[in-house]
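Next come the chains, spelled out residue by residue.
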Amino acid sequence: MGLDIRMPLGLMLALIGAQLAVYGLLTGGADVNLWWGTTLLACGAAFLWWSRAGKRKR
Amino acid sequence: MFRIQLAFIDYLILATYLLFVLGIGLALKRYMKTSTDFFLSGRSIPAWVAGLAFLSANLGAQEVIGMAASGAKYGIATSHFYWVGAIPAMVFVGVFMMPFYYGSRARSVPEYLKLRFDEKTRGFNALSFAAMTVFSSGISLYAMGLLMSALLGWDFNACVIVSALIVLVYIYAGGLTSAIYNEVLQFFLIVAGLLPLSLISLRDVGGWSGLQARLLGVAESRGLAPGAYTESWRHLGDAAQNPMGVEWFGMAMGLGFVLSFGYWCTDFLVVQRAMAANSMSAARRTPLIAAVPKMLFPFLVILPGMIAIALTESAAETGFQLPGKPDGSLNFDLVIPMMLSHYFPHGMLGLGLTALLASFMSGMAGNVTAFNTVWTYDIYQSYIRPNASDRHYLQVGRMATLFGIGASVAAAYVATRFNNIMDLLQLVFAFVNAPLFATFLLGMFWKRATGHGAFAGLVAGTLAATIHHGLSLPAGAIPGVKGGWLAVLTSYPSEMAQNFWTAIYAWTVCFAVTIAVSLLTKAPGEQTLQGLVYSLTPRPREEGLRWYQRPGPLGAIILGCALVLNVFFW
């Protein structure tokens, strides 16, 4: 309905992922913040890409 | 008392989540033009979105906190609530029942009862359901406020009011669509917060085999069979040998059949998400899509509970200790927060707590959207003011949202003062719900079932549940709210066993009475039952759908996977 949920979902995951990853980098390198933050960032990017791909098809 | 200190980054993550939740609600406001938009999302939701919302609405805080607590109390046997007590019912509602729910164009579960049976059956179901949703969202509000104020030192009142306000804003503005979209967000957040906890903690205890070795000692020290915490079925032959205190028949029939089918197949809270799907085939796939993550959730919630109890057993070596309660028992409800603060640095800690908050909000929003729909369509439109304009009902729906959330907050405060009243109410709702599935089963698959039969069956089943509860008592309890308030005729090894058997009696009595009374009353006309009963409804068309879009093959694959999981953890 109107709004494509993949867009805000992807944005939110990417934003939280980026926050975690940057914080992980600043506080000392390869800890859970960094690797999980990067994973979330990638998931968020995937949803954003899927959302754009869906729009182009229509 | 154990406290968690949050850092700036934790608040930042929480704030990001809240921003998106509110933003989605406000962005959807302009699409809410008719009551169908507000209560049914205009029947426009794609299958995967409806599926994740279907799961998320069920995934309240009590589910996450409670299942982790059960994991610590009962071990892997808690998985029965998933692989026996959820998956088969979810497949059944998708494959066999959704054609009638979606195909009849009923706007709610009580409305289906009205179409299939009669007004009094709908009224009975609508009233008890509306009251139940308000109280259960009140109770979860109370539990959340208590947990957050204890853990973080936040003010209880502020926790309750602020979280109620957030849910209010996004549902008031965007109706069911907003609830569903946010449930998808919440689903991903819950996974994002809990999955790394399972991975890290499992690695810490030396993998599954390391956990098994540690739990061996826990089982021995409690006088149970050695594998009682890591083997789900092997010890169900004898109630005394497993930590749940349940034998296999009560488990399979009570939980696996009556309670689970009663919840997943008739509770409007979840069924509403499927009714909002954009086509019949999407509606039927909704519970099936939800079943896939549901099947994997034990690894997110039960596993941390099992690990927490294993770590606590050798606290001197591991440095992890579940806090105790004043009466000396362990406070199992703190499993998830304790594990989060034990394993996560700041940052991830904020994400973990946000996941808990998200689970709470998704559960509450599920209750509120189900409440405002049943109130507006099944109570207001049916009994108070029929034939008003659609615009009027949309306005009433918004008011009902306001009222439902206000009543939940009130219920939360009642719970802080009179905990016993809440226990009592939950008990009453359990009695009303226990027989429901018999009514739907007969209604959908036996065309001879009549309205008088259904109503008599429901009342008799509720009475049977009440009487059974009044005559039985779990071991070690005193007669009263736990049972035995008429006389103690039988005693069960645990409260869970008593619950399962209450459900079995209620279902059986409702089934028998519905059949008997139906046969004594006038059969309903066949032309009025088209689309409502199996034998009078054309099969949904499946041409043009690929195999993985068809409910039958999908359901079979899911059941196969659940079977494999059961066998693997036998």
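Each chain carries its own residue numbering, running from 1 in the direction its sequence is written. Whichever chain is written first is A, and whichever ligand is written first is 1; the rest continue in order. A pLDDT threshold of at least 70 governs which residues receive local features in this predicted model, and a stricter bar of 80 or more applies before side-chain atom pairs are shown or counted, although totals over entire chains, interfaces and linings include all residues. Note: side-chain values were computed over all heavy atoms of the structure, leaving out hydrogens and water.

**Some words on the overall build of chain A**
Helix and strand labels come from DSSP, where a helix needs a run of H or I of at least four residues and a strand needs a run of E of at least two; each type is numbered from the N terminus. Within chain A one finds two helices and zero strands. Each residue is assigned to one of three classes by its accessible area relative to the maximum for its type, calculated with a 1.4 Å probe on protein chains only: buried under 20%, partly exposed between the two thresholds, exposed over 50%. Out of the 58 residues in chain A, the part that is buried amounts to 43%. Within chain A, residue pairs in contact and separated by at least 24 positions form 55% of the contacts whose partners lie at least 6 positions apart. Split by element, the accessible area of chain A, about 3200 Å² in all, is 71% carbon and sulfur. Whether two residues touch is decided by their heavy atoms; if any such pair falls within 4.5 Å, the residues are in contact. Areas reported here follow the Shrake-Rupley algorithm with a probe of radius 1.4 Å; residue values treat only the protein chains shown as occluding.

**Things to note about the confidence of the model for chain B**
One number per residue, pLDDT, summarises how confident the predictor is, and it ranges from 0 to 100. Summing up the model confidence of chain B, the mean pLDDT is 90 and the portion of residues at 70 or higher is 100%. Predicted complex metrics record ipTM = 0.94 and pTM = 0.92.

**Overview of the interface of chain B and chain A**
Counting residues at the interface gives 32 residues for chain B, matched by 23 residues for chain A. Of the roughly 2500 Å² buried between chain B and chain A on both sides combined, carbon and sulfur atoms contribute 85%. Buried area is calculated as the accessible area (1.4 Å probe) missing from two parts once they are joined, with the contributions of both summed. Summed over the three residues of chain B that lose the most area to chain A, namely Phe20, Trp48 and Tyr181 of chain B, the buried surface amounts to 22% of that side. We count a salt bridge whenever a side-chain nitrogen from Lys or Arg sits within 4 Å of a carboxyl oxygen from Asp or Glu. At the surface where chain B touches chain A, the tally comes to zero salt bridges. Residues adjacent in sequence count toward polar contacts only when both atoms are side-chain atoms; beyond that, a polar contact is any pair of N or O atoms within 3.5 Å, and within protein one must be able to donate a hydrogen and the other to accept it. Counting across the chain B and chain A interface gives five residue pairs in polar contact (both at pLDDT 80 or more). For the side of chain B that touches chain A, the elements supplying multiple residues, two or more each, are α1 (8–28), α3 (47–58), α9 (156–204) and α17 (348–384) of chain B. Ranked by residue count, the leading element in the side of chain B that touches chain A is α9 of chain B, at 11 residues.

**Remarks on the nonpolar core**
Note that soluble globular proteins tend to have their nonpolar side chains buried in a common cluster. Residues and elements named next belong to chain B. Core analysis: the largest hydrophobic core is formed by 189 residues, its most contacted members being Met97, Tyr101, Leu141, Phe297, Met339, Leu351 and Phe440. Looking at this core, the element that brings in the most residues is α9, giving 23 residues. Not counting chain neighbours up to four residues away, the residues in contact with Tyr101 comprise Val93, Ala106, Val109, Tyr112, Cys265, Thr266, Val271, Met275, Phe440 and Met444. Counting 15 residues, the second largest nonpolar core, distinct from the first, contains Tyr74, Met251, Leu255 and Trp501. Throughout this description, the term nonpolar core refers to a set of buried Ala, Val, Leu, Ile, Met, Phe, Trp, Tyr and Cys residues connected via side-chain atoms within 4.5 Å.

**Quick notes on unusual backbone geometry**
Residue and element names in this part refer to chain B. Even without a glycine there, the phi angle at Ser41 is positive, about 55 degrees. Along the chain, Ser41 turns up in the loop between α2 (35–40) and α3. Assessed through its relative accessible area of 0%, Ser41 is described here as buried. Its identity as a non-glycine residue notwithstanding, Asn387 has a phi of 60 degrees, on the positive side. Here Asn387 shows up in the loop between α17 and α18 (390–417). Judged by its relative accessible area of 76%, Asn387 falls in the exposed class.

**With respect to the side chain of Asp118 of chain B**
Residue and element names in this part refer to chain B. Looking at the element boundaries, Asp118 is found in the loop between α7 (109–116) and α8 (119–152). Within the structure, Asp118 has its side chain in polar contact with the side chain of Lys120 (distance 2.6 Å). With residues near it in sequence (within four places) discarded, Asp118 still touches Leu113, Gly451 and His452.

**Some words on the state of the cysteines**
Residue and element names in this part refer to chain B. Note that a disulfide, as used here, is simply two cysteine sulfur atoms within 2.5 Å. Across all of its chains, the model carries zero disulfides over all chains by this definition. With no disulfide of its own, Cys265 has Cys510 as its nearest cysteine by sulfur position, at a separation of 15 Å. Residue Cys265 is classed as buried on the basis of its relative accessible area of 0%.

**Some points on α3 of chain B**
Compared with an ideal rise of 1.5 Å per residue, which puts 12 residues at 16 Å, α3 of chain B spans 17 Å between its outermost C-alpha atoms and is within 8% of the ideal. Inspection of α3 of chain B places Ala47, Val49, Ala50, Gly51, Leu52, Ala53, Phe54, Leu55, Ser56, Ala57 and Asn58 of chain B among the buried residues, and these make up the whole buried set. By definition here, a helix of n residues has an expected span of 1.5 Å times n minus one.

**Observations regarding the environment of Arg285 of chain B**
Residues and elements named next belong to chain B. By the element assignment, Arg285 lies in helix α13 (residues 280–296). When its relative accessible area of 14% is taken as the criterion, Arg285 is described as buried. The sequence separation of Arg285 and Asn58 amounts to 227 residues, and the corresponding C-alpha distance is 17 Å. Among all residues touching Arg285, those that are not within four sequence positions of it are Ala47, Tyr548, Gln549 and Leu554. Side chain to side chain, Arg285 and Ser281 meet in a polar contact 2.9 Å long.

**Focus: the pattern of salt bridges**
Residue and element names in this part refer to chain B. Scanning all chains against the criterion turns up 13 salt bridges over all chains. In this structure, Arg273 engages Glu183 in a salt bridge whose closest nitrogen and oxygen atoms are separated by 2.8 Å. Separated by 90 residues along the polypeptide, Arg273 in helix α12 (residues 268–275) and Glu183 in helix α9 bring together distant segments of the chain. Of the charged contacts in the structure, one is a salt bridge between Arg222 and Glu313, with a shortest N-O distance of 3.7 Å. With Arg222 in the loop between α10 (207–221) and α11 (248–266) and Glu313 in helix α14 (residues 298–313), the pair connects residues that are 91 residues apart, well separated along the chain. Under the relative-accessibility criterion, Glu313 is labelled partly exposed at 38%. Several salt bridges converge on common partners, so that one network encompasses Lys114, Glu119, Arg122 and Asp378.

**Considerations on the environment of Phe437 of chain B**
Residue and element names in this part refer to chain B. When you line up the elements, Phe437 lands in helix α20 (residues 436–445). By relative accessible area, which is 0% here, Phe437 ends up buried. In the structure, Phe437 is positioned 173 residues away from Trp264 in sequence and 9.6 Å away in space, judged by C-alpha atoms. When sequence neighbours within four positions are dropped, the list of residues in contact with Phe437 reads Phe92, Met97, Phe257, Phe261, Gly262, Cys265, Thr266 and Trp507.

**Description of the packing of aromatic side chains**
All names here are of chain B. Only centres within 6.5 Å qualify two rings of Phe, Tyr or Trp (six-membered ring in Trp) as a pair; their planes then separate them into stacked at under 30 degrees, edge-to-face at over 60, and tilted for everything else. Taken as a whole and assessed by the stated rule, the structure comprises 43 aromatic pairs over all chains. Ring centres 5.9 Å apart and planes at 25 degrees place the aromatic pair Phe54 and Trp264 in the stacked group. On the criterion of sequence distance, the pair formed by Phe54 in helix α3 and Trp264 in helix α11 is long-range, its members being 210 residues apart. Since its relative accessible area comes to 0%, Phe54 is described here as buried. A relative accessible area of 4% places Trp264 in the buried class. Judged by centre distance (6.2 Å) and plane angle (80 degrees), the rings of Tyr380 and Tyr393 are edge-to-face. Of this pair, Tyr380 sits in helix α17 while Tyr393 sits in helix α18, and the two are 13 residues apart along the sequence. A relative accessible area of 13% places Tyr380 in the buried class. Through successive ring pairs, a cluster of aromatic residues spans Phe92, Phe96, Phe100, Phe257, Phe261, Phe437, Phe445, Trp507, Phe511 and Tyr534. Consider the ring centre and the ring normal. A charge sits over the ring if Lys NZ or Arg CZ is within 6 Å of that centre and within 35 degrees of that normal. Directly above the aromatic system of Tyr172 lies the positively charged group of Arg398, at a separation of 5.4 Å from the ring centroid.

**A few points about a nonpolar patch on the surface**
All names here are of chain B. In this analysis, a patch consists of residues with relative accessible area above 30% that form no salt bridge, clustered at 9 Å for like charges and at 5 Å for the nonpolar side chains Val, Leu, Ile, Met, Phe, Trp and Tyr. There is a patch of nonpolar side chains on the surface, built from Val459, Leu463, Ile467, Trp485 and Leu486 and spanning about 450 Å² of accessible area. Looking at the element boundaries, Ile467 is found in helix α21 (residues 451–471). Assessed through its relative accessible area of 43%, Ile467 is described here as partly exposed.

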